[in-house]
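Below, each chain spelled out in residue letters.
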Amino acid sequence: MFKKNKEVIEPVKDSEGNVLKYHKKKATFKEKIVSSLFLSPSVIGVLIFFILPFFVVIYYAHIDNLMSKEFVGMTNFTNVMQNEAFKLAAKNTALFSLKAVPLAIILSLVMALILEKNIPCRSMFRTFFLSPLMVPVASVVLIWQVIFDNHGVLNQAITLFGGHSIDWFKSDYGQIVVIILFLWKNLGYNMILFMAAFAAIPTDVLEVSKLDGASEWKQFFYIKLRFITPTIFFVGIMSLINSFKVFREVYLLAGDYPVTSLYMLQHFMNNTFKSLDYQKLSSAAIIMAIVMTIIIGGLFLFENKVGKDVEG
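To start, this report covers the structure provided alongside it. In every chain, residue numbers begin from 1 and rise along the written sequence. In keeping with the model being predicted, local features are shown solely for residues with a pLDDT of at least 70 and side-chain atom pairs are shown and tallied solely at 80 or more, while totals for entire chains, interfaces and linings include all residues. Heavy atoms from the whole structure form the basis of all side-chain values; hydrogens and water molecules are not counted.

It is worth spelling out the pattern of salt bridges at this point. A pairing counts as a salt bridge when a side-chain nitrogen of Lys or Arg comes within 4 Å of a carboxyl oxygen of Asp or Glu. Considering all chains together, one arrives at 5 salt bridges under this definition. Between lysine 87 and glutamate 84 there is a salt bridge, and its shortest N-O distance comes to 3.2 Å. Taken as a pair, lysine 87 and glutamate 84 lie in helix α3 (residues 84–116) at a separation of 3 residues, close to a single helical turn. With relative accessibility at 39%, the residue lysine 87 sits in the partly exposed group. Only DSSP runs of H or I reaching four residues or more are called helices, and only runs of E reaching two or more are called strands; each is numbered from the N terminus. Note on classification: 1.4 Å probe, protein chains only; a residue is buried when its accessible area is under 20% of the maximum for its type, exposed when over 50%, partly exposed between these limits.

Lining residues are defined by having an atom within 4 Å of a point belonging to a cavity or pocket. Those points lie on a 1 Å grid over the protein atoms alone, cavities being sets where a 1.4 Å probe fits but cannot get out and pockets being open sets with protein on both sides within 12 Å along at least five of seven lines. Grid points are joined across faces, edges and corners, and a volume is the space filled by probe spheres set on the points. There is about 420 Å³ of room inside the largest pocket. Taken together, 16 residues line the largest pocket, and the ones lying closest to its centre are Leu113, Lys117, Glu216, Phe220 and Lys224. Elements with a minimum of two residues in the lining of the largest pocket: α3, α8 (203–211) and α9 (216–227). Residue polarity follows a fixed list, in which Ala, Val, Leu, Ile, Met, Phe, Trp, Tyr, Cys and Pro are nonpolar, Asp, Glu, Lys and Arg are charged, and the others, Gly among them, are polar. Tallied by class, the residues present in the lining of the largest pocket amount to 9 nonpolar, 1 polar and 6 charged. For the second largest pocket, the calculated volume is near 350 Å³. Lining the second largest pocket are 18 residues; nearest its centre among them are Ala94, Ser97, Phe244, Val291 and Ile295. Every element with two or more residues in the lining of the second largest pocket is listed here: α3, α10 (229–243) and α13 (278–311). For the lining of the second largest pocket, the element with the most residues is α3, which contributes 8 residues. For the lining of the second largest pocket, a count of residues per class yields 15 nonpolar, 3 polar and no charged.

Right, dumping it as C-alpha cells:
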C-alpha cells in the first residue's frame, strides 16, 4: 500500500496472496492527521531554522539600524555594492571559483578514466584519493602549514638548491596554494561520482561502437561524454558550492585579514558580523544568494537542454 496525492493505492490479492490489481482509496481523516503529525517536526524545524531567518535577513537588509528601524529601501544594497572590501572579496571569490571548479572537474574526470582501466593497485589508488575526505580540516591545514610555511619543507628544499624562500601565504601565490588544497580535498569524491557514471553506461553501446571501428578517443567524446553529462553538471555545481565554502581553510591558514588575493566573501561576512553591522551583512548575503541562484539555475537549464539532446 502506498499513497499518492492524498489517495491510498492498495493491492487486490487472490487467495494465494498474488497481486491481481491495484485500486485507489481516498485517505481517511485519521490517516491525514497521523501523516501530518509525522511531518510536523520536520516542518517546524524548517520554519524555525530556514524560513524565519530568511525573512529576518530580508527585514534587516531594508532598515537603517536596529534602533530606529526605519525603512531605507535599496540603500543598504547600494552601499554594499560600493564597498571596496566587498568588491575585493567578490572578485577574489569569483577568480578562485573560475580556476578551481574547472580544474576539479577535468582532473577528477581524468583520474576516473585512468582508474576505469585495469591497472595494477587500482583499489589502492582509490583509497589514496578518497583518504582526504576522512581527514579533519584542522589536520589538513596543519599539513599545508608544514609544507608551505615560510620555514616549511618546500622553502627548505628551495633554499637547498640555491633559491630564495617564499612566504606562500602572504604572497601572490597564496591563492594557488589554496587551490591545491581545494583540489586535494575534493578530487577523490568527484572521481567516485565519475566512476559510477562510467559504470552506468550501457555496455552494448560501447561494444557496438567498438565493432564499428571506433577508437577509445571517439568512444569517449561521442558516447561516454554524452552519457555522463548530468554527472559533469552535478560535479560542477557541487564543486562551485564547495569553492564558496573554502573560508575554513583560508581562515585557519591566514586568519581574519589575509593577504589581498585570499580575502574571500566569507571573510567579508565574518568580519561584518563581528562588527555587528547586520544591515551590511544581510544585504551582502542576499546579493550572494541571488548570484548563486542565477548561476546554478542557468547551469540547470543548460543541463536540461543538453540532457534532452542526449536522450534524443
